[in-house]
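# A structural walkthrough
Below, each chain spelled out in residue letters.
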Amino acid sequence: MRNLLTCLLALVVLSGPSHAATKPNIIFILADDLGIGNVGCYGSDNYKTPQIDKLAAEGTRFTQCFTAALCGPSRAMIMTGRYAFRNGSSNQDACMVMPNKELQLARVFKSAGYKTASIGKWGQLPGEPDEAGFDDYLRFNGSGVYRNKKEGKTEKYQVNGKELKLGDDEYMPDLLHEHVMKFITKHKEQPFFVYYPMSSVHGDLLPTPDSASGSTDLMADNIAYMDKLVGRLVTELDALQLRENTLIIFMGDNGTGKGMADRATIGGQVLSGMKGTMLECGGLVPMIANWPGKTPAGKVSADLIDSSDFLTTFAALSGGSLPQDTIFDGHSIAPQLRGEAGTPREWVFNQLAAMWYVRDAKWKLNEKNELYDMSETPFAEKLVTGDHPARTKLAAVLAKLNPAGGIPDSGDGTGRHANKDKKKKGEELMKKPEATPKTNLTKEEQERAAKFDKLDEAKAGKITRDYYTTHQSDAAAAAERFDKYDSDKDGLVSREEYILKGKVAKK
């Protein structure tokens, strides 16, 4: 009897810490062009999402989650945990050529021993998913891929480097789901992370397998089918007995697309802004977290979140590590996901091209120093003129961030894809260091060149004031040096300006 009790006690001791230390599986579902006005639990008038609503009812729904207003910049902020003026992702084309080392999402999980998969949209990010730390991937080309749309034209996609062709009877959202479940089933005995950027519901929309013949509301059809796939995922996780240790995050990548925004109403009211705009619902997106026994059921949180927060949060939850010499903008919301108070943000920052704003719970200040009263959002934003305490407070935040001193926008000012000439110019700006006209360098100048090259990890040929000061032991003295070196006063110090200590002929 004593031996039996001893064995049982040993089992309890051994199993207790192991269970407590179990790392959660994490599935990050990113719906494409899905705004708050497209989701039932956010009050949508015209769209039904019972499975997503169930995730919210059994988990936590966040009402103040912000991200960039276009697909590429939004994904870049999620992948890097950094704002666009730091990583250079202020427009669609720039996202595709930013340094691969910026993509830390899979790498943080790899450092914690996770198996990782990227299944869905990837094309607006540099390279391929395996080059960014994903063990397994399926990626389609472009956006809004559902079926072969034209006779004789076959959609192509890649699975772990192998190019495949979409069959005439195949439906891409179903292929994505099947690949997700194949990956999960294979790695169910170890912690896994799935990045699941859906095709749904980006245009051009096509009938789903459930669409009625001659359906005139393909947006509703596609939202319903996306919702069905979310429900199927949860059911299959239950069948695999993985649900209790799996955190699911469901989020939109930006606001509703232009052609669909008029019907994305809440309470009969049209929302302020849509995809591609700097108004509220360009960047305000649905975000739901569901982790049985961890996230409080039925809770609605108004904590401010921006999508730089996910990387920091995932590092905290997984035990993964992030580079120590890089500035990350995220604030971990791991406590909130466990039902704790945490330390919520006081403000969020949003950027698209050379447009940006900082926003707290009640006010928004943009790059033009325009202050908006946000008390009637998401339906209206009121311009406030003159002096105001909120203007002073938010201006101080922008001054500290100094987005104007970061990597400049290389696009046409809209954040969207530029024409070929502008795109080429943007790629050159992002990839090629500025040439140094002076070739006969003194020994001191050669040493300064080497020092600059070490500082310039992104190999952009320029460094920002914020980056320089945070990489020096005396930030105040470094700021003075930076201002001296910045001979053309563009908020950046080029390689030539650094080598010559600002003694560069103005062009």
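Note that this is a predicted model, so its numbers are computed, not measured.

### Topic: the sheet that holds strand 12 (residues 348–352)
Read from one edge to the other, the open sheet built from 5 strands follows the order 12-13-14-15-16, with strand pairing classed as antiparallel. With one partner strand each, in any of the chains shown, strand 12 and strand 16 (382–384) form the two edges of the open sheet. Each strand axis lies, on average, 25° off the axis of its neighbour in the sheet, ignoring direction. Each of strand 12, strand 13 (355–359), strand 14 (363–366), strand 15 (371–373) and strand 16 touches helix 12 (residues 389–401); the most contacted strand, strand 14, lies at about 50° to it.

### Focus on helix 14 (residues 443–455)
End to end, helix 14 covers 19 Å across 13 residues, agreeing with the expected 18 Å (1.5 Å per residue, within 8%). Every buried residue of helix 14 is listed here: Glu445, Arg448, Ala449, Phe452 and Leu455. Along helix 14, the residues classed as buried sweep out an arc of 125° about the axis, all on the same side. Turned more than 90 degrees off the buried face of helix 14, the exposed positions are Lys443 and Lys454.

### Some remarks on the packing of helix 7 (residues 172–186) against helix 8 (residues 218–239)
Put simply, helix 7 and helix 8 touch, their axes get as near as 11 Å, and they point 15° apart. In terms of orientation, helix 7 and helix 8 fall into the roughly parallel class. The way helix 7 lies across helix 8 gives a crossing that is right-handed. Counted together, Pro173, Asp174, His177, Val180, Met181 and Ile184 of helix 7 and Tyr225, Leu229, Arg232, Leu233, Glu236 and Leu237 of helix 8 form the full contact between these two elements.

### Looking at helix 12
Since the α-helix packs 3.6 residues into each turn, any two residues three or four apart lie on the same face. The end-to-end C-alpha distance of helix 12 is 19 Å, a good match for the 18 Å that 13 residues give at a rise of 1.5 Å each. Turning to helix 12, its buried residues number three or more, namely Ala390, Arg391, Leu394, Val397, Leu398 and Leu401. All buried residues of helix 12 project into a common sector of 130° when viewed along the axis, lining one side. When the buried face of helix 12 is taken as reference, the exposed residues oriented beyond 90 degrees from it are Pro389, Thr392, Ala399 and Lys400. Where helix 12 ends, the next residue or the one after it, Asn402, has phi of about 55°, a positive value.

### Here we look at the nonpolar core
As a rule of thumb, nonpolar side chains are buried together in soluble globular proteins. Grouped together as the largest cluster of nonpolar side chains are 61 residues, with contacts concentrated most on Ile27, Met172, Ile184, Val194 and Met226. Considering each element in turn, this core owes the most residues, 9 residues, to helix 8. If sequence neighbours within four positions are ignored, Met226 has contacts with Ala31, Leu34, Ile52, Met198, Ser200, Val201 and Phe250. Counting residues in each nonpolar core, the second largest holds 40 residues, with Val108, Ala315, Ile333 and Ala334 among its members.

### A closer look at the pattern of salt bridges
Counting across every chain of the model gives 20 salt bridges. Where salt bridges share partners, they join Asp32, Arg75, Lys121 and Asp253 into one cluster.

### Structural notes on the packing of aromatic side chains
How two aromatic rings sit relative to each other is set out by the distance from centre to centre and by the angle between their planes. Considering all chains together, one arrives at 18 aromatic pairs under this definition. Aromatic pair Phe109 and Phe314: ring centres 5.5 Å apart, planes at 45°, arrangement tilted. With Phe109 in helix 6 (residues 105–110) and Phe314 in helix 10 (residues 309–318), this residue pair connects regions lying 205 residues apart in the sequence. What makes Phe109 buried here is its relative accessible area of 0%. A residue is classified by how much of its surface remains accessible, and Phe314, at 0% relative accessible area, is buried. By the ring-pair criterion, three or more aromatic residues cluster together here, those being Phe28, Phe109, Tyr114, Trp122, Phe134, Phe193, Tyr195, Phe310 and Phe314. Lying over the aromatic face of Tyr42, Arg61 brings its terminal NZ or CZ to 4.7 Å of the ring centre.

### A few points about the pairing of strand 3 (residues 115–121)
Burial within strand 3 is extensive, with 6 of its 7 residues counted as buried. Direction of pairing for strand 3 relative to strand 7 (residues 192–197): parallel, over a ladder of 4 bridges. What sits directly across from Lys115, in strand 7, is Phe192. Bridge count between strand 3 and strand 4 (residues 136–140): 5 bridges; the pairing is parallel. Residue pairing for strand 4: Ile119 is matched across the bridge by Leu138.

Definitions and limits used
Each chain carries its own residue numbering, running from 1 in the direction its sequence is written. Since the coordinates come from a predicted model, pLDDT governs what is reported: local features require at least 70, and pairs of side-chain atoms require 80 or more to be given and counted, while whole-chain, interface and lining totals use all residues. Water and hydrogen atoms were dropped before computing side-chain values, which therefore reflect all heavy atoms in the structure. Strands qualify as paired when DSSP identifies two bridges or more between them. Each helix is a run of H or I in the DSSP string that is no shorter than four residues. Each strand is a run of E no shorter than two, and both are numbered from the N terminus. Note on method: axes are straight lines fitted to C-alpha atoms, helices fitted across the in-contact stretch only, with angles between N-to-C directions ranging 0 to 180 degrees. Throughout, a residue-residue contact means that at least one pair of heavy atoms, one from each residue, lies within 4.5 Å. What a helix should span is 1.5 Å times the count of its residues minus one. Exposure is judged per residue with a 1.4 Å probe applied to protein chains only, and the accessible area is read against the type maximum: over 50% gives exposed, under 20% gives buried, and values in between give partly exposed. Picture the helix axis, draw a direction to every C-beta atom, and the arc is the one those directions span. Angle categories: roughly parallel below 35 degrees, roughly antiparallel above 145, roughly perpendicular from 65 to 115, and oblique for all the rest. Crossing handedness follows the turn of the near helix against the far one: under a right angle anticlockwise gives a left-handed crossing, and clockwise gives a right-handed one. Nonpolar cores are built from buried Ala, Val, Leu, Ile, Met, Phe, Trp, Tyr and Cys residues. Side-chain atoms within 4.5 Å join them into one set. Only one rule defines a salt bridge in this text: a Lys or Arg side-chain nitrogen within 4 Å of an Asp or Glu carboxyl oxygen. Classification of ring pairs rests on two measures: the distance between centres of Phe, Tyr or Trp rings, Trp counted by its six-membered ring, which must be within 6.5 Å, and the angle between planes, read as stacked under 30 degrees, edge-to-face over 60 and tilted in between. When the NZ atom of lysine or the CZ atom of arginine is within 6 Å of a ring's centre and also within 35 degrees of its normal, the charge is said to sit over that ring.

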